[in-house]
Amino acid sequence: MRNLKNNIRFSGLLIVFTASLFTSFCGLGGGNGASSKSGGAWITPRYMDEVYAFMSGGYSGQVSINGIPSGRIIKQIPVFSVFPENGYGFDEETKGLLMTSQGFLPWDDSHHPVLSLTNGMQDGRWLFINANNTPRIARIDLDWFETKEIIEIPNSAGNHGSPYITENSDYVFAATRFSVPIPQRDIPIESMSKGEFNGTITMVKLDKDGHMSIDLQVRVPAFHYDKSGCGKAVSKDWCFFTSYNTEQAWKMMEAEASQNDKDYILAFNWKVAQGCISKAKTVPGVHYRNYHPENQPAISEKRTTVKMIDAKDCPGSVYYLPTPKSPHGVDVSPDGELIVGSGKLSAQIAVHSFSKLQKAINDKGAIEKTIDGVPVLKYEATLYGEVQKKEKEAGKDYLCLGPLHTEFDNKGRAYTSCFLSNNIMVWDRKTLDVIEGLQTWYNIGHLSVVGGNTVKPYGKYVIGLDKQAKDRMLPVGPELHHLVQLYDISGDKGVFLNEFPTIGEPHYAQMAPAELLAKKSKKFYNLKDNKHPHATLTEDKARVERKGKEVHAYVTATLTHFKPDKIEVKKGDTVYFHVTNLTQEYDMPHGFAVYGAEFPNLLVMPGQTKSAMWKADNVGVYPFYCTDFCSALHQEMQNYIRVSP
Amino acid sequence: MKKISKLSIIIIFAFLLSVSCKKEGIGIGPVESVELGEAIDDAKVEKGAATFKLKCTPCHKITVKHVGPVLKDVTTRRKPEWIMNMILNPEEMIAKDPTAKKLLLENNMMKMVRTGISQDEARDILELFRKVDEGKELPDYIKKLDETPKPPETAEQPAAEKK
């Protein structure tokens, strides 16, 4: 009996051995498992995550990507801030992306990543993200996972309610978090309270290649516009913007801007506004549109004017919906019918009805008043209901204090983050009954469901993006990275799966299934398509050229050497290194660093050309070398530059 | 006895699987068979030499050891399919093919990489190798592949070294 067992075990081993022999001889083994193997948050090595999570970097100015459910950080994409790690914002190719009307800016505060949509579904083409500080919107290409375009928003300040997108990627929007004098001029700060400042809603048009241009700015009353969300399906022609400081305070806003029981959701019919472009005035509005063509230096275009119209002069485009209290998120349900306002300073989640809104705008009796010609609709006229509170049921705290933001799943549920009560409230979209509360640690800001802003959410996972980590991670001095908690929401009850730290401050994240993006991700730049004006496509063309005091070194990098063998210049020369990586392999960049350079590392992808400037100020012989470990002979990948008097 | 026969069946099965799935020595990659003409195709040789100069000379010479191995006589050492697969699929070859693994050790652990050569271009390079291995006097454009390129023109030679 025992023998038989051993025998079976041995045969089993042999079969495994045979199978592995077969696969290794036939070249079928190994490789990348494109499918994930999940059960909880653990991903068996070699298998990949099921979902991409795009996290805003907040004050890092970047975007980072985590795999879900493992939480592993896969990449950081530099967007609004320079990135010495790969030369972004320093090299001649990407410097131009950070040009603005205020000059070259090395940093911004990135808040809301938004994926492009077709028919209300993620289409995997682009990711947009806003810069809050000096108003801009960036477009990241999801073939390359690189920032390809940044447009500046003039006549704005604090671009927070941005860059939410229409269901067919017609427009991305920008809104002023901080109202300012428009046009900018020298007036007393106190005049804010007299309504002399303004806000703007900016319609940024996308063409079929994702290129951005400003179609129209609609001037609106001087409140602070906070967050936005666009309609879909029945409400596809509309976008919604929350506001706070309807008190129009200009100082001590924490007290003075928090007086009113209700502020407003601004309902914006962009189709109607589109019809008003022809009657809009051309006004000053200096702004830059920077575009990075594939494997070429970025192009910065300065534009000096925009089209602008006052909301009152475009009737039917703007309405105010009273909503409690200093609402933050405004989010539209997958069917386009529910407009959910999360009342940050209240314990209420007010749910407006799109069909009631349509009735109200045609009913004079539903108008409470007008502000600067903009109709304010009665609260009850558009209200579908308020999410019912259930306190302390079954030992769980269901109170939602400080509701901030709501997303939706594929099972008729909504998920609202509750900043103060540290939980995610799960509620039924039809009955508005609370189903359960999921605890978070600590001070959750935004949350994200996979495809949670689309017409047909993927569901399965929700993440909560926390503001504090406190006792959840090993202490490393006074501050901790912000923490994310992950829940499996595929069953009747949410199940806590995982938590992991993030980079910067993730204000918001969008998640997309891996199958949408993984297959089309580019592996390297094809040398045949390299149209860079300073590319060196073969090693025999590596050379040094002089143009007066300017020297251009055309450098090639391959495994494992640079050409030319030596570079010789004169003191006082301005040297441009143009480095082309001749390799055509996935994940095979070369780095390039020169002694004493003011530019940081150039990380040159296979087939890519990157350039940087170096001042030959000191006589001597200086090394340059590859910084990215590329082969067993990586240490040997080094040459010299000589500076003669 | 029963036990032994069962084992031997499994072993034979394993052996059969391991040898029957592919031809020996052709490596791993897109090329499963190559048709070689009786005569050398000189047009292919010329194209092969041009591609070799641009894409291969950074690491290879024909009769001289450079970064990678000497390529003279490669057509007698390896099957034509192996040569093309090594050009087109070096990463997997180095990871799995026993000969390629051995070559890595013999060449300072230097991994060969893809340089963007198409299958047609790889076929041209194979023809170049066949030409080299024919044993006849080689045309100049092939001999030149062994030359070390002149050091690049520098922007301005220091005065002291100009002479």
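Residues numbered from 1 in each chain as written. Chains lettered and ligands numbered in written order. Predicted model: local features only at pLDDT ≥ 70, side-chain atom pairs only at ≥ 80, totals over all residues.

**Considering the overall build of chain B**
Working step 1: A tally of helices and strands in chain B yields eight helices and zero strands.
Working step 2: Counting from the amino terminus, chain B carries its helices and strands in the arrangement α-α-α-α-α-α-α-α.
Working step 3: When the 163 residues of chain B are sorted by exposure, 32% land in the buried category. (Helix = DSSP H or I, 4+ residues; strand = E, 2+ residues; numbered from the N terminus. Buried ≥ 20, exposed ≤ 12 C-beta atoms within 10 Å, placed from the backbone.)

**Quick notes on the overall build of chain A**
Working step 1: Helix and strand content of chain A: six helices and 45 strands.
Working step 2: Relative to the globule expectation of 26 Å for 645 residues, the C-alpha radius of gyration of chain A, 28 Å, shows essentially globular dimensions.
Working step 3: In terms of principal-axis extent, the alpha carbons of chain A reach across some 90 × 80 × 45 Å.
Working step 4: Taken over 645 residues, chain A has a buried fraction of 53%.
Working step 5: Looking at chain A alone, contacts between residues at least 24 apart form 61% of all its contacts between residues at least 6 apart. (Rg over C-alpha atoms; globule rule 2.2 N^0.38 Å. Contact = placed C-beta atoms within 7 Å.)

**Observations concerning the environment of A:Lys571**
Residue and element names in this part refer to chain A.
Working step 1: Within the element layout of this structure, Lys571 appears in the loop between β39 (566-570) and β40 (574-581).
Working step 2: Look at Lys571 and you get partly exposed, because 13 C-beta atoms sit within 10 Å.
Working step 3: When the C-alpha atoms of Lys571 and Trp42 are compared, they prove to be 57 Å apart, with 529 residues separating the residues in sequence.

**Let's talk about the sheet that holds strand β30 (residues 434-439) of chain A**
Residue and element names in this part refer to chain A.
Working step 1: Strand order in the open sheet made by the four strands is β27-β28-β29-β30, with antiparallel pairing throughout. Edge positions in the sheet fall to β27 (403-408) and β30, since each of these pairs with one other strand and no more. Taking the axes of each pair of neighbouring strands and ignoring which way they run, one obtains an average angle of 20° across the sheet.
Working step 2: Where strand β29 (residues 423-428) meets β30, five bridges bridge the pair, whose relative direction is antiparallel. Pairing of Met425 across the sheet is with Gly437, part of β30. (Pairing = 2+ DSSP bridges. Axes fitted to C-alpha atoms, helices over the stretch in contact; angles between N-to-C directions.)

**Concerning the sheet that holds strand β35 (residues 509-513) of chain A**
The strands making up a sheet are joined through hydrogen bonds of the backbone, oriented either antiparallel or parallel.
All names here are of chain A.
Working step 1: The strand order β5-β4-β3-β35 describes an open sheet built from four strands, whose pairing is antiparallel. In this open sheet, the two strands that pair with only one neighbour each are β5 (73-77) and β35. Strand after strand, the sheet turns through a mean of 20° between neighbouring axes, direction not considered.

**Details of the nonpolar core**
All names here are of chain A.
Working step 1: Counting 127 residues, the largest nonpolar core has Ala53, Phe173, Val204, Phe240, Leu266, Phe268 and Tyr461 as its most contacted members.
Working step 2: Not counting residues up to four positions away in its chain, the partners in contact with Phe240 are Ser228, Gly229, Ile265, Leu266, Ala267, Phe268, Val330, Val332 and Ile339.
Working step 3: In terms of nonpolar packing, the next biggest core, distinct from the first, is built from 36 residues, Leu527, Val544, Val555 and Ala612 among them. (Core = buried A, V, L, I, M, F, W, Y, C linked by C-beta atoms within 7 Å.)

**A closer look at helix α4 (residues 80-88) of chain B**
Every α-helix winds through 3.6 residues per turn, so residues three or four apart in the chain are directed the same way.
All names here are of chain B.
Working step 1: Burial runs high along α4: eight of the nine residues are buried.
Working step 2: Of all the positions in α4, only Pro80, Glu81, Trp82, Ile83, Met84, Asn85, Met86 and Ile87 are classed as buried.
Working step 3: Where the residues of α4 are buried, they touch α3 (74-77), α5 (90-96), α6 (98-106) and α7 (119-133).

**Quick notes on the pairing of strand β25 (residues 374-377) of chain A**
Within a regular strand, side chains alternate between the sheet's two faces.
Residues and elements named next belong to chain A.
Working step 1: Burial along β25 is one-sided: the residues Pro375 and Leu377 are buried and none of Val374 and Val376 is.
Working step 2: With four bridges joining them, strand β24 (residues 367-371) and β25 adopt antiparallel strand pairing. Bridge pairing in β25 links Ile371 to Val374.
Working step 3: The loop that links β24 with its antiparallel partner β25 comprises two residues; one of these, Asp372, has a positive phi angle of about 50°.

**Structural notes on the packing of helix α2 (residues 42-56) of chain B against α7(B)**
All names here are of chain B.
Working step 1: Across the interface, α2 lies against α7 with an axial gap of 7 Å and an inter-helix angle of 105°. In this view, α2 runs roughly perpendicular relative to α7, as classed from their interaxial angle. In contact with Lys44, Val45, Lys47, Gly48, Ala49, Thr51 and Phe52 of α2, α7 contributes Glu121, Arg123, Asp124, Ile125, Glu127, Leu128 and Lys131. (Parallel < 35°, antiparallel > 145°, perpendicular 65-115°, else oblique.)

**Observations regarding the domain arrangement of chain A**
All names here are of chain A.
Working step 1: Looking at chain A, the domain boundaries give domain 1 (78-222 + 277-313) and domain 2 (537-644).
Working step 2: The centre of domain 1, based on its C-alpha atoms, is set 35 Å off from the matching centre of domain 2.
Working step 3: Each side of the interface is counted separately: domain 1 has nine residues, and domain 2 has ten residues.
Working step 4: Of the residues in the side of domain 1 that touches domain 2, the class split is two nonpolar, three polar and four charged. (Domains from an automatic or database assignment. Nonpolar A, V, L, I, M, F, W, Y, C, P; charged D, E, K, R; others polar.)

**Let's talk about α7(B)**
All names here are of chain B.
Working step 1: The end-to-end C-alpha distance of α7 is 21 Å, a good match for the 21 Å that 15 residues give at a rise of 1.5 Å each.
Working step 2: Among the 15 residues that make up α7, twelve are buried, leaving the element largely enclosed by the rest of the structure.
Working step 3: Along α7, the positions that sit buried rather than exposed are Glu121, Ala122, Arg123, Asp124, Ile125, Leu126, Glu127, Leu128, Phe129, Arg130, Lys131 and Val132.
Working step 4: For α7, the secondary structure elements touched by its buried residues are α2, α3, α4 and α8 (140-143).
Working step 5: Looking at the residues trailing α7, positive phi occurs at Gly135, about 90°. (Expected span 1.5 Å × (residues − 1).)

**Side note on the environment of A:Thr147**
Residue and element names in this part refer to chain A.
Working step 1: Counting through the fold element by element, Thr147 comes out in strand β11 (residues 146-152).
Working step 2: It is 5.8 Å that separates the C-alpha atoms of Thr147 and Val79, two residues lying 68 residues apart in sequence.
Working step 3: Sequence-distant contacts of Thr147, defined by excluding residues within four places in its chain, comprise Ile77, Pro78, Val79, Leu97, Ala138, Ile140 and His292.

**A word on unusual backbone geometry**
In terms of backbone geometry, most residues other than glycine have negative phi values and most peptide bonds are trans.
Working step 1: Here A:Ile182 and A:Pro183 are connected by a cis peptide whose omega angle stands at 0°.
Working step 2: Inspection of the secondary structure puts A:Pro183 in the loop between β12 (171-175) and β13 (199-206).
Working step 3: Residue A:Tyr442 is reached from A:Trp441 by a cis peptide bond, and omega for that bond is -10°.
Working step 4: Despite not being glycine, A:Asn245 has its phi angle at roughly 50°, a positive value.
Working step 5: Residue placement: A:Asn245 occurs in the loop between β16 (238-244) and α2 (253-256).
Working step 6: Take A:Asn245: there are 24 C-beta atoms within 10 Å of it, and that puts it in the buried class.
Working step 7: Positive phi, close to 60°, is recorded for B:Met109, a residue that is not glycine.

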